[in-house]
Each structure stands twice: as C-alpha cells, then as structure tokens.
Amino acid sequence: MRQEPFETLYAPLWDRLERQLSGFENPAGNQKSPRTASDDPALFPGYYKIVCNHYALARSRHYSPALVMRLHQLVLRGHRQLYRPDRAWLRKTIAFIGSDFPRTLRQHAAVFYLALTIFMIPAAVTGYVTYHDPVMIYRIMDEAQVSRVEYMYDPRNRKPGRDMERTSETNVRMFGFYIFNNISIGFRAFAGGMLLGLGTVFALLFNGLFLGAISGHLSHAPYAMVFWPFVSGHGAFELTAIVISGAAGLLLARALVMPGALTRRGALRKIAPQALKLVMGAAFMLLIAAFIEAFWSPSSFSPQVRLSVAAVNWTLVIAYFIRAGKKHES
Amino acid sequence: MSRTAPHLDTIVAYETPEGIFLELRPAGPVVRGFAWAIDFMIRAAGYVLALIISATSFFGGVGTAAGLIFVFLVEWFYPVFFEMIKRATPGKMALGLEVIQADGSPLGWPSALLRNLLRAADFFPLFYFSGMVAMMLSGKFQRLGDLAADTIVVYADRKNNYRKIPPCPPKRPPRPLSLTEQRLIMDFAERGDLLSMQRRRELAALLPFLVKNNEEPERTLLAFANWFSGSR
C-alpha cells in the first residue's frame, strides 16, 4: 500500500488514539468533552497495539519521515500510559510499614549483622578504652569537643543533650534540627554504598567510634545519670536506623563488588529497590527518633521513668523486626 | 530496525513487548549541568526566603523548626517531587529534558527516590565528579543514581510537528530510485516549509541527474515526492 491511501485509511484511528492519550495525560481537562463510545478506555490497549503495528509497517515500508515520526510519538505516549506504574501510595505505605520493611530486613539479615558489626566493634573498643581511662577520650576528640559533650550532659545544664549555643532553643526547633541532621546522615550512609561501599563503611566506623568514645567517657558520675536516660530512649530508633541505612548501602556495594552471575548493572538494578525499602524505613524510624529526642528525652520525668520507657522502646523495635509481617511470609 | 546503521548520535532504542523500537535521546552532562544550575538557583531562592521567614522571631521556635525541615525536604526531595509530578525539575523543564525509566515507561516512585538519594554519591568528592565519570562510561549518560534506579534523562518530545507533503501534480522520476533515496526526497518535501526558497532551490540543484538543469528544481522534487507517496 502506498503512503497516501494508508494515511487516509487509518488517520481516524490515529486521531482517536491521540484524543484518548490527551485525555489520560490531562485527566482534569478531559471531564468537559463528551465521551463517545469509541473513546471507551477499555479500547485503548487494542488501539495501541494496532498503531504499534502501523508504526512498524510505516518504517519497514519507508514511508515519509514525518509520518513515521508521528506514529512513533503516538507509540511512545501509548507505551507510557499502558506501562504506567501503580500509584496507590497510601495503601502501599501502610503495607510497607506493617510488613514489607521488617520482612525486607529479615531477608537481608546477614548484611544487617555485617553493618552492625562494622558499627559496634569500634564503638565497643573506644567505649571500653575511654571508660577505663578518662584521658583516652582526648586521643579521639579535641578539648573543645570534649568540654562541649560534657557540658551537654552536665547535671547543672538545664536542658540536657544541648550544647551552650542550643540551651535556649525550644524543643520544636530541636525537632527540626534532628530531622535535618539525622535523616541526612542516614541518606548519606546509604549513598556511600555506590562508592563501592567505602562511604558506608566510613560512616558506620566514624559514628561507632565517636558514639562509643562519648558513651564510655560519660558513663561515670556525674554525667552518667543524665546521659543514659537521655540517649537510650531515642537510641532504640536512631541507632537501629543508622545501622539499617548502612546495611542498605552495603547491599548496593555488594551488587557492585560481588555481582555474582549477573552483570554489575543488572545486580545493582535488582537489589536497588530492596535497598531503597530499607533506607526509607530507616528514614521513618529517624523521624520517630527525632520526635522522641526533641520532646521526650529532655523532659523532666525522672531518670527511672525514662530508662523504663527506653527499655520498652528497645523491646518494641526488636519485636517489630522479628515479628511484623511474619504471618504471610512464605 | 534502528540497529542497521552504526550510530554517530546518542539515540538509544528500546524494544517494547509489542516488538517495536522506541527511540530515546539521552541528554549529556553539559545540558544537565545547566539544568542543575537553574534548579540550584531556584533552591537557593527558596532557602533565602526560608531564612528570612525563620529569622523574623514572629513565629519563634516553630518558624526555625519549619525552616530546617523545609531545607531538609528541599535538599533531598525537591527533584523527587518535580520528577514525579511534572516528569522533570523546573531546570530540566526549561531545557526540554525529562526523566523516564530506561525502558521508556514513566518514572515510578522507587526510581525517583533512588536516583535522588544517591545524588550524594554522584557528588563525591566534589562537583559531581563520580556522577560525571559514570555518565561517560555508561553509554546512556547515566549517573550512579540513574544506574541504580534504571532511569535516563532524555530530551522530551517536541510538540507534534507533523507536516504533510504539499500536494502538486505527481511526476515519475527519470530513473528508478532506492527506498532510502525516495525517503530522502519525501523528507525534503515535508520539511520544505522550514527552509527559504533560495536554500530549497540550492539543495535541489545538488541532484542534477534528477532535476536536469531545470528552472525550479525544488518543484520537480516535490512532484517526485507526491509520486512516491502515492497521489497518482
């Protein structure tokens, strides 16, 4: 068939598909124009397949470039509508927190324990050393930094957990700061996985080293009874989330360093959505941690109450990861 | 189909389940750098505004908290938001780019998040050095975030520029022409409106064996194009 009869024969169909596509792309503008029987959305896949066929024909018959381009555009737009991802985000979010996130973490338990080890070993070493020798902290931090954290957890400090510049801040402002600071740390630990894991390992080591050193140093009177009630409450969420972000980064790194039977690109593409689940879950936990750290941890409840709540928090977090979403797990 | 000739340009073809090839035109580092610069200026303007609002003690602690949360959200989720809602950030839109999956389908939430959270790795150590290296090596100008999310940044389709061959009495060419040659002449006829009269004449005169010292060579080619496309 020559081009012109081909065009006259099928142009009405192309126009119909184009009308449908414009309707799908702008759902708001579509309401006004009356819908005819041939615009039934159920007919769209059929139209699309036919136009795909026309595009292939037009190319192989060497019809004019403008016609081929028009059909190509129709096909491209149709492809986007037909293969559009599901956007039911609210239902997905609930399902994600209820079962998908803990399930994904259980699936990658080995990587989680690896991240935990990278975090805990330097923390245990520096914690032990600074606990037994108060001078050792100065090997890790300089004097200004040490006096800053000592001030933060000094019983005379009206607002525990805040340094000199921040004692006058309100809890709300600290909430904003914790979100900004802590979730960014989690995201960066994750992104570091793309640098063959070096960024992630560095983030975990660095955080473990400093947190261990500070904890060891402050585990003596007079700081201990301010420090532990303050940090243990949100620590359940915060520390777990940082390690999970690290595990997500290590998943990416594993795909790059040890892709197995797949290409590096293929391994990365396969694991990335899972790693994303972990890091988004961790971000959600850091949000909870920021809330606790800003409003609960500095509150005037007695240390005993806050330590009990901390115990509950840790139990909740651990139980959540062990139990949640187990019912339908295959 | 599109793999017959070696490509000098950067077009990538993706074969759909229907067995046809979609052609996508990935955008390179320079144009994406400019898009980033535009977005950066927009973000900077937002930060200045947030700073002014949070500095006025009218809102007190709530104002500064909102300011910090705003900075956090913009820093990490500004591209995610615009790429999901509008298929491109304002900077990309201004330069006619959009983000899609590497298979030509629209961007999904997981990919939008992945490609933008991994931006921090692309930036490392400074000024998107890692991202630039990845773009150079990947073949589709994908930075690290794009590789993990399986996305590409492409030039968005220009508006429908479908033109018909101007009708005129068809004429048979003096000798048989191959399909490719026929297609070239039809392309010339369709795009004639974009060229000046003089340029059209000049181009048509480059085919002396077809138009034979004719006064109006471009009209002869137009007649051939009508012959090929079938109005006889």
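Residues numbered from 1 in each chain as written. Chains lettered and ligands numbered in written order. Predicted model: local features only at pLDDT ≥ 70, side-chain atom pairs only at ≥ 80, totals over all residues.

Quick notes on the overall build of chain A
Applicable threshold: Strands are runs of DSSP state E lasting at least two residues, helices are runs of H or I lasting at least four, and both sets are numbered from the N terminus onward. With C-beta atoms placed from the backbone, a residue is buried if 20 or more other C-beta atoms are within 10 Å of its own, exposed if 12 or fewer are, and partly exposed between those counts. This entry defines residue contacts through backbone-placed C-beta atoms, with two residues in contact when those atoms are within 7 Å.
Within chain A, the regular secondary structure consists of 13 helices and zero strands. Overall, chain A shows an N-to-C arrangement of helices and strands of α-α-α-α-α-α-α-α-α-α-α-α-α. Overall, the C-alpha framework of chain A stretches about 95 × 45 × 40 Å when taken along its three principal axes. By residue count, 39% of the 330 residues in chain A fall in the buried class. Considering only residue pairs separated by 6 or more positions, chain A has 78% of its internal contacts joining residues 24 or more positions apart.

A look at the overall build of chain B
Put simply, the rule is: The quantity called the radius of gyration is restricted to C-alpha atoms. Its globule counterpart is 2.2 Å times the number of residues to the power 0.38.
Across its full length, chain B carries eleven helices and four strands. Computed over the C-alpha atoms, the radius of gyration of chain B is 25 Å, more than 25% above the 17 Å expected from 2.2 N^0.38 for a compact globule of 232 residues. Its C-alpha atoms give chain B principal-axis dimensions of roughly 85 × 35 × 30 Å. Of all 232 residues assigned to chain B, the portion counted as buried reaches 35%. Counting contacts in chain B only where the partners sit at least 6 residues apart, residues at least 24 apart contribute 59% of the total.

Brief notes about the packing of helix α11 (residues 224–257) of chain A against helix α12 (residues 264–296) of chain A
To describe two helices that pack against each other, one gives the angle between their axes and the distance between the axes. All names here are of chain A. Convention followed: With axes taken as lines fitted to C-alpha atoms, and helix axes fitted only over the stretch in contact, angles between N-to-C directions fall between 0 and 180 degrees. Any angle that falls under 35 degrees is termed roughly parallel, while one over 145 is termed roughly antiparallel, one within 65 to 115 roughly perpendicular, and all others oblique. Left-handed describes a crossing in which the near helix is turned anticlockwise from the far one by less than a right angle; the clockwise case is right-handed. Ten residues, namely Ala, Val, Leu, Ile, Met, Phe, Trp, Tyr, Cys and Pro, are considered nonpolar, four, namely Asp, Glu, Lys and Arg, are considered charged, and the remaining ones, Gly among them, are considered polar.
For the pair α11 and α12, interaxial distance at closest approach is 8 Å and the crossing angle is 165 degrees. The angle between the axes of α11 and α12 places the two elements in the roughly antiparallel class. Remark: the crossing between α11 and α12 carries left-handed chirality. In terms of residue class, the contact of α11 with α12 is built from 23 nonpolar, six polar and three charged.

Examining the interface of chain B and chain A
In this assembly, 50 residues from chain B lie in contact with 52 residues from chain A. Put simply, the parts of the chain that give the side of chain B that touches chain A at least two residues each are β2 (21–24), α2 (60–85), α4 (109–117), α5 (119–123), α7 (144–149) and α8 (179–190) of chain B. Counting residues per element, the side of chain B that touches chain A draws most heavily on α2 of chain B, at eleven residues. Of the residues belonging to the side of chain B that touches chain A, the class tally is 29 nonpolar, 13 polar and eight charged.

As for the domain arrangement of chain A
Definition in use: The domain boundaries here were taken from an automatic or database domain assignment.
Looking at chain A, the domain boundaries give domain 1 (3–82) and domain 2 (89–323). Here domain 1 of chain A and domain 2 of chain A have C-alpha centroids that lie 53 Å from each other.

Things to note about the nonpolar core
Worth spelling out the cut-off: By convention the nonpolar core is taken to be a set of buried residues drawn from Ala, Val, Leu, Ile, Met, Phe, Trp, Tyr and Cys and joined through C-beta atoms within 7 Å.
Counting residues in hydrophobic clusters, the biggest one holds 114 residues, and the most contacted among them are Ala-247, Leu-252 and Val-279 of chain A together with Ala-148 of chain B. Here this core gets 18 residues from one element, more than from any other, and that element is α11 of chain A. Ignoring sequence-local partners within four residues, the contact set of Ala-247 of chain A consists of His-108, Val-111, Phe-112, Ala-115 and Leu-278 of chain A. Ile-165, Phe-188, Leu-222 and Phe-224 of chain B belong to the second largest nonpolar core, which has twelve residues in total.

Side note on the pairing of β2 of chain B
Residues and elements named next belong to chain B. Under the convention used in this document: DSSP bridges decide pairing: two strands pair if at least two such bridges lie between them.
Judged by which residues are buried, β2 turns out to be one-sided: Leu-22 and Leu-24 face inward and are buried, whereas Phe-21 and Glu-23, on the alternate face, are not. Note that strand β1 (residues 12–15) and β2 share four bridges and pair antiparallel. Across the sheet, the residue bridging to Glu-15 is Phe-21, located in β2. Hairpin connection between β1 and β2: a loop of five residues separates the two successive antiparallel strands, and Gly-19 in this loop has a positive phi of roughly 85 degrees.

Quick word on helix α4 (residues 65–82) of chain A
Test applied: Multiplying one less than the number of residues by 1.5 Å gives the expected span of a helix.
Given a rise of 1.5 Å per residue, 18 residues ought to cover 26 Å, and the 25 Å separating the end C-alpha atoms of α4 of chain A matches this to within 8%. Those residues of α4 of chain A that sit buried are Leu-67, Met-69, Arg-70, Leu-71, Leu-74, Val-75, Gly-78, His-79 and Arg-80 of chain A. Those residues of α4 of chain A hidden inside the fold are in contact with α1 (3–25) and α3 (44–60) of chain A together with β2 of chain B.

Concerning unusual backbone geometry
All names here are of chain B. Residue Pro-125 is bonded to the preceding Phe-124 through a cis peptide linkage, with omega at -10 degrees. Mapping Pro-125 onto the fold places it in the loop between α5 and α6 (129–138). Phi is positive for Phe-141, close to 55 degrees, though the residue is something other than glycine. With respect to the secondary-structure elements, Phe-141 resides in the loop between α6 and α7.

Side note on the environment of Ser-64 of chain A
Relative to the helices and strands, Ser-64 of chain A is located in the loop between α3 and α4. Look at Ser-64 of chain A and you get buried, because 26 C-beta atoms sit within 10 Å. Along the backbone, Ser-64 of chain A and Gly-212 of chain A are 148 residues apart, and their C-alpha atoms lie at a distance of 71 Å. Here Ser-64 of chain A is in contact with Gln-3 of chain A together with Ile-165, Arg-183, Met-186, Asp-187, Glu-190 and Ser-229 of chain B, once residues within four sequence places are set aside.

Concerning the environment of Thr-126 of chain A
All names here are of chain A. Its place among the elements puts Thr-126 in helix α6 (residues 109–132). On the basis of neighbour count, Thr-126 is assigned to the buried category, with 24 C-beta atoms found within 10 Å. The sequence separation of Thr-126 and Ile-242 amounts to 116 residues, and the corresponding C-alpha distance is 19 Å.

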